[in-house]
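Structural overview
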Amino acid sequence: MNYIENIKIRYEDLTKSEKKVADYILSSGEKIINQTLTDIKKSTGVGDATIIRFCQKLDYQGFSDLKIAIAKVAFEKGSDEEAPDSYTALVGSRLINAIKSTIQLINTKELNKGIELIRNSKRIFIFGVGASGVTAVDMASRFLREGIQAEAITDSHYQAQNASLMTSEDLIIAFSLSGRTKDTFDSCRIAKANGAKIIVITNHLLSPIAKKGDAVLQTTVEELLMNGGSLSGKISQLCICDLLITGYTITYHINSLKIREQVLRSVIDKEID
C-alpha cells in the first residue's frame, strides 16, 4: 500500500488539523520530497507536533519516512513512464536530455557573471559533498587543464575551516542539486560573511544555498530521494562546469593549447611501455 492509499484509508480518523496536512500532501505529491518540515508548516498553518502525529498515524516514524514513501512512488512512476525498448536507449536518452535541458535553461547573464568572478578571483575553492563532491573534484581537474588552480573540498569540516579564512579575493563554486545541503550551506554562509564571492550550481534558484550566490546557474535534473547521485544529475552539473570554463577561456583569450601542452608534458612519461 502506497502513501496515497494509506492517507485515504485513514483520512476520517484524522483530526481537523491533521486533515490539512493530508490534503496538502495529496495535492502536492512528489513536490514534498524537496520540502522541509518548515515548508509544510508554512503551507498548512499547523505546528510540528501535528505533522509528526499525522505521520505516526500513518505508521511512519516521522516526516523523513513519509518523504521516502513519496519518493518510492515517484521513482516507480518515472520508471514506468520511460519504458524504453532497451536499457541502452534509456541511458542514452537520459543523458542526452540532461545536456539539452541544461543548455536550454542557461541564464546567459548569470553565466557571464560567473565567468567574470572566476577571472577576478585570487583563489578558487569548489565545494560539494556526496555525489556533488565527486563533481567538485572533476571540475578542479578540468580547471587545471586550462591553467587555473582550484581546490576541490569535499569534507564539510575542512570546507568550514577554509571558509573562515576567506576574503573578498576568494571564490567558492558550490554544488548542491537540492540547494539545501546543510554542510554546504553552513560553509557558504561563513565564507559570505568574510566577503568571499560564491557561484552556486543547483536545481532550485530559490533554495537557501542559491540565495547566498553572487551568480546562480541552474541544473535541470530533479534528484528524487530514491535516485540520488544519478549520472544524469552529474552530467547536468558537468555541463555547467564546461560552460563556465570554456566561456572563461574564450572570453579572456586564454591560450589553452599552450597550457594543455605544459600539463601534458608533466605526465606524458608516466605511461608504461
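The following refers to the structure shown. (Residues numbered from 1 in each chain as written. Predicted model: local features only at pLDDT ≥ 70, side-chain atom pairs only at ≥ 80, totals over all residues. Heavy atoms only, no water.)

Summing up its helical and strand segments, the chain has 12 helices and 5 strands in all. Dimensions of the chain along its principal axes, counting C-alpha atoms only, are 70 × 50 × 35 Å. Across the 273 residues that make up the chain, the buried fraction comes to 41%. Long-range pairs, those at least 24 residues apart, make up 71% of the contacts in the chain between residues at least 6 apart in sequence. Surface summary for the chain: the accessible area is close to 15,000 Å², and the carbon and sulfur share equals 52%. (Helix = DSSP H or I, 4+ residues; strand = E, 2+ residues; numbered from the N terminus. Buried < 20%, exposed > 50% of the residue type's maximum accessible area, 1.4 Å probe, protein only. Contact = heavy atoms within 4.5 Å. Areas by Shrake-Rupley, 256 points an atom, 1.4 Å probe, with all protein chains shown as cover.)

So, on to the side chain of T219. By secondary structure assignment, the location of T219 is in the loop between β5 (215-218) and α11 (231-251). The exposure class of T219 is buried, given its relative accessible area of 0%. Engagement of the side chain of T219 in a polar contact is seen with the side chain of N203, the distance being 2.5 Å. In this structure T219 touches L177, I201, T202, N203, S236, Q237 and I240, once residues within four positions along its chain are discounted. (Polar contact = N/O pair within 3.5 Å; in protein donor to acceptor, adjacent residues only side chain to side chain.)

For the rest of this paragraph, the subject is a nonpolar patch on the surface. Among the surface-exposed residues, L264, V267 and I268 lie close enough to one another that they form a single nonpolar patch of about 260 Å² accessible area. With respect to the secondary-structure elements, V267 resides in helix α12 (residues 256-267). (Patch = residues over 30% accessible without salt bridge, like charges linked within 9 Å, V, L, I, M, F, W, Y side chains within 5 Å. Salt bridge = Lys/Arg side-chain N within 4 Å of Asp/Glu carboxyl O.)

Tracing the backbone through its elements, the reader meets D59 in the loop between α4 (48-57) and α5 (63-82). Through-space distance from the C-alpha of D59 to that of Y11 is 13 Å; in sequence the pair is 48 residues apart. Side-chain polar atoms of D59 contact the side chain of R10, separated by 2.8 Å.

Right, let's talk about the nonpolar core for a bit. Judged by nonpolar contacts, the single largest core of 25 residues is most densely connected at I118, I126, M139, F143, I173, I199 and L244. For this core, the elements supplying multiple residues, two or more each, are α7 (108-120), β1 (123-127), α8 (131-144), β3 (170-175), β4 (197-202), β5 and α11. Looking at this core, the element that brings in the most residues is α11, giving 5 residues. Apart from the residues lying within four places of it in its own chain, the contact partners of M139 are I126, I173, F175, C241, L244 and I245. In this structure, Y3, I7, I40 and C55 belong to the second largest nonpolar core, which totals 22 residues. (Core = buried A, V, L, I, M, F, W, Y, C linked by side-chain atoms within 4.5 Å.)

Between α7 and α11, the shortest axis-to-axis distance is 9 Å and the interhelical angle comes to 70°. The angle between the axes of α7 and α11 places the two elements in the roughly perpendicular class. Crossing angle aside, the handedness with which α7 passes α11 is right-handed. Across the interface between the two elements, L111, G114, I115, I118 and R119 from α7 touch L243, L244, G247, Y248 and T251 from α11. Class assignment for the residues of the contact of α7 with α11 results in 6 nonpolar, 3 polar and 1 charged. (Axes fitted to C-alpha atoms, helices over the stretch in contact; angles between N-to-C directions. Parallel < 35°, antiparallel > 145°, perpendicular 65-115°, else oblique. Left-handed = near helix turned anticlockwise from the far one by under 90°. Nonpolar A, V, L, I, M, F, W, Y, C, P; charged D, E, K, R; others polar.)

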